[in-house]
Amino acid sequence: MAEVIQFPCPACGATLRLPLAMAGIHGPCPLCRREIIAPDPSNDLAARLPVTEPDEIPEPSAAISEEQTAMDVPRLEPAPSRPLRRGVLLVSILLTATLSLAAGYFIGIRSTCHMAMATSTPLVVRAASPPEPVAPVVAASPAPVTEPAPEPRKNAEPVKVAAAAEAALRAFLDAPDWSTRAAHVLAPDTVRAAMEAYSRKLPDGPTPHQSISVENSYTDRETGNTLFIFKVVTEARPTGIPVAVAETDRGWLIDWQAFVEFRDGLFEAFAKGPVDKSGRFHLLVSAPPPPRAADTENKHFSSFLLEPPFPGQQRLAYVRKTAGIHAVLSQATSNGAVFTPVLEVAKRKTPDGKSYLEITDIIAHNWLPKGR
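Within any chain, residue numbers begin from 1 and follow the written order of that chain's sequence. Per-residue local features are limited, in this predicted model, to residues with pLDDT of at least 70; the limit for side-chain atom pairs, both in listing and counting, is 80 or more; totals at the level of whole chains, interfaces and linings are taken over all residues. Note: side-chain values were computed over all heavy atoms of the structure, leaving out hydrogens and water.

(A) Here's a closer look at the overall build of the protein. Only DSSP runs of H or I with at least four residues qualify as helices, and only runs of E with at least two residues qualify as strands; both kinds are numbered from the N terminus onward. Scanning the protein from N- to C-terminus turns up seven helices and 18 strands. Three exposure classes are used, based on accessible area relative to the maximum for each residue type with a 1.4 Å probe and protein chains only: buried under 20%, partly exposed in between, and exposed over 50%. Each of the 372 residues in the protein was classed as buried or not, and the buried ones make up 44%. Long-range pairs, those at least 24 residues apart, make up 57% of the contacts in the protein between residues at least 6 apart in sequence. Accessibility throughout is a Shrake-Rupley quantity obtained with a 1.4 Å probe, and a residue counts as covered only by protein chains that appear here. Surface accessibility of the protein: about 19,100 Å² in total, with carbon and sulfur atoms responsible for 55%. Note on contacts: a residue pair qualifies if any of its non-hydrogen atoms lie within 4.5 Å across the two residues.

Dropping the structure here:
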């Protein structure tokens with residue numbers, strides 16, 4: 001195995017690894033997407049950001065509504081915090097690579113799943129573990145646990161496995177109606193009713209697509225089953241919809257709930273919709289830049305930026321400082337990190353009639369489907 005360099009991203013702090021032969025290379029960090037320069041030990045150069053002028057620092061997305069300004073910080077009295085849900089999936093990624101395959105890396109996720117990701121970028125991210133739920137008074141964090149790299153699957157045929165998963169995904173996308181599609185979904189006993197109800201609101205026929213490609217794959221250490229993350233490019237979603245396809249005892253099955261949420265832009269519709277509604281969404285969560293954070297915070301609320309996996313749909317949301325999830329969100333988004341949970345979000349109205357989004361719960365600390 002080639003020698004590797006391990007270093008923190010100078011933009012977001014994520015742990016990165018790459019072959020020693022690629023020292024000093026320029027490229028985007030796979031987590032925060034900022035352009036960085038890898039360290040060069042032979043010349044005693046540390047990882048660094050390219051030199052930029054102050055006016056080149058990106059601002060928050062313009063998609064944040066103009067009505068969500070400093071004057072829109074909720075002026076409500078704090079309510080009792082809801083009990084924080086536990087069961088955090090601890091994630092730890094370990095890279096293995098060879099110089100002859102510098103563009104193909106395999107990453108393992110610690111805990112119940114282990115990820116192998118092929119990427120065309122020269123840098124591979126080691127994602128920070130999602131934080132453990134914490135109470136308002138936080139004890140010292142335990143030392144990180146290091147685990148050995150997972151063993152590769154014996155007699156695995158990755159090309160054939162991916163082809164079988166893709167065939168199931170194509171059957172799911174091409175299904176003429178919801179009842180036919182239900183044969184290809186995870187947790188059908190609980191999802192079928194939701195699929196039928198959804199079809200009454202929005203016809204759920206075939207989903208035309210322009211291309212399908214594998215983005216990531218995860219292998220369950222205990223069962224050996226694989227979970228693929230495909231990118232499905234459609235006319236409406238040219239950047240691609242992430243779709244989870246899981247290997248089960250009943251064959252390859254698709255996470256219908258997340259698929260419909262992304263395909264039909266349910267979070268954006270919710271954010272623009274009426275108040276006194278709530279929903280659960282797969283979101284990218286980050287902390288606002290310091291100037292904006294100062295303008296959108298008061299003694300009762302802190303603010304966070306919420307975004308589905310599509311550009312231009314960033315929204316400002318608030319969480320009560322008395323809620324247990326406030327500590328989790330703050331820790332997970334510290335130092336510019338991006339958190340990828342499933343959140344429960346409510347649309348509220350202030351006493352003076354202005355609307356705002358409030359994060360009320362963390363349903364899951366990652367997007368991996370739970371139903372099998």
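(B) The arrangement of helix H4 (residues 256-263) in detail. Burial runs high along H4: seven of the eight residues are buried. Restricting attention to buried positions, one finds in H4 the residues Trp-256, Ala-258, Phe-259, Val-260, Glu-261, Phe-262 and Arg-263. Once H4 finishes, Gly-265 follows within two positions and takes phi at roughly 60 degrees, a positive value.

(C) Focus on the side chain of Asn-366. On the secondary structure map, Asn-366 appears in the segment after strand S18 (355-364). Polar side-chain contacts of Asn-366 include one of 3.0 Å to the backbone nitrogen of Leu-368. A 3.5 Å cut-off defines polar contacts: any pair of N or O atoms within that distance qualifies, except that in protein one atom must be a possible hydrogen donor and the other a possible acceptor, and neighbouring residues in sequence count only when both atoms are side-chain atoms.

(D) Structural context of the pairing of strand S11 (residues 241-248). Where burial is concerned, most of S11 is hidden: seven out of the eight residues are buried. Of the pairings in the sheet, the one linking strand S10 (residues 226-233) to S11 comprises six bridges and is antiparallel in character. Residue pairing in the sheet places Leu-227 in a bridge with Ala-246 of S11. Looking at chain direction, S11 and strand S12 (residues 251-254) are connected through four bridges and run antiparallel. What sits directly across from Glu-247, in S12, is Trp-252. A pair of strands is considered paired only if DSSP assigns at least 2 bridges between the two.

(E) Just the environment of Asp-276, in detail. Note on placement: Asp-276 falls in the loop between helix H5 (266-272) and strand S13 (277-282). With a relative accessible area of 65%, Asp-276 lands in the exposed category.

(F) Representation of the nonpolar core. Joining through side-chain atoms within 4.5 Å is the link that ties buried Ala, Val, Leu, Ile, Met, Phe, Trp, Tyr and Cys residues into a set, and such a set is a nonpolar core. Among the nonpolar cores identified, the biggest contains 27 residues, and Leu-169, Phe-172 and Trp-256 are the most heavily contacted of them. Of all the elements in the fold, those that place two or more residues in this core are helix H1 (158-174), helix H3 (188-201), S10, S11, S12 and H4. Of all the elements, H1 adds the most residues to this core, at six residues. Beyond its immediate chain neighbours, meaning those up to four positions away, Trp-256 contacts Phe-172, Arg-181, Val-185, Val-191, Ala-194, Met-195, Tyr-198 and Asp-204. Within the second largest apolar cluster, 21 residues are counted, among which are Leu-283, Phe-304, Leu-306 and Ile-359.

(G) Looking closely at the pattern of salt bridges. Each reported salt bridge corresponds to a side-chain nitrogen of Lys or Arg within 4 Å of a carboxyl oxygen of Asp or Glu. Evaluation of the coordinates by the stated rule reveals nine salt bridges. Measuring nitrogen to oxygen at the nearest pair gives 3.3 Å for the salt bridge that ties Glu-268 to Lys-272. One end of the pair is Glu-268 and the other is Lys-272, both in helix H5 and four residues apart, which spans about a single turn. The class for Lys-272 is exposed, based on a relative accessible area of 59%. The residue Glu-358 makes a salt bridge to Arg-348 at a minimum N-O spacing of 3.0 Å. Residue Glu-358 is located in strand S18, and its partner Arg-348 is located in strand S17 (residues 342-349); the two are separated by ten residues in the primary sequence. For Glu-358, a relative accessible area of 4% corresponds to the buried category. The class for Arg-348 is partly exposed, based on a relative accessible area of 32%. One network of salt bridges, in which partners are shared, links Glu-268, Lys-272 and Arg-315.

(H) The sheet that holds strand S15 (residues 301-307), seen in detail. Pairing is mixed across the open sheet formed by six strands, whose spatial order is S13-S17-S18-S16-S15-S14. With partners counted over all chains shown, the strands left at the sheet margins are S13 and strand S14 (284-286), one partner each. The average angle at which neighbouring strand axes cross in this sheet is 40 degrees, direction not considered. Examined bridge by bridge, S14 and S15 share three bridges and lie antiparallel to one another. When the bridges of S15 are listed, Ser-286 appears paired with Leu-305. The strands touched by helix H7 (residues 324-332) are S14, S15, strand S16 (315-320) and S18; relative to S18, the strand with the most contacts, the crossing angle is about 85 degrees. For helices, the fitted line uses only the C-alpha atoms of the stretch in contact; every axis is such a line through C-alpha atoms, and the angle between N-to-C directions lies from 0 to 180 degrees.

(I) Spatial organisation of the confidence of the model for the protein. With 69% of its residues at a pLDDT of at least 70, the protein reaches an overall mean of 74. The pLDDT value tells you how sure the predictor is about a given residue, anywhere from 0 up to 100. Under a pLDDT of 50 for its full length, residues 52-72 has, in the predicted model, 29 contacts with residues more than four places off or in other chains. Predicted confidence for residues 76-156 stays below pLDDT 50, and this span has 182 contacts to residues more than four positions away or in other chains.

(J) Spotlight on the packing of H3 against H4. For the pair H3 and H4, interaxial distance at closest approach is 11 Å and the crossing angle is 25 degrees. Here H3 is positioned roughly parallel relative to H4, judged by the angle of their axes. Facing H3, whose interface residues are Val-191, Ala-194, Met-195 and Tyr-198, H4 presents Trp-256, Gln-257, Val-260 and Arg-263. Roughly parallel means an angle under 35 degrees; roughly antiparallel means over 145; roughly perpendicular covers 65 to 115; every other angle is labelled oblique.

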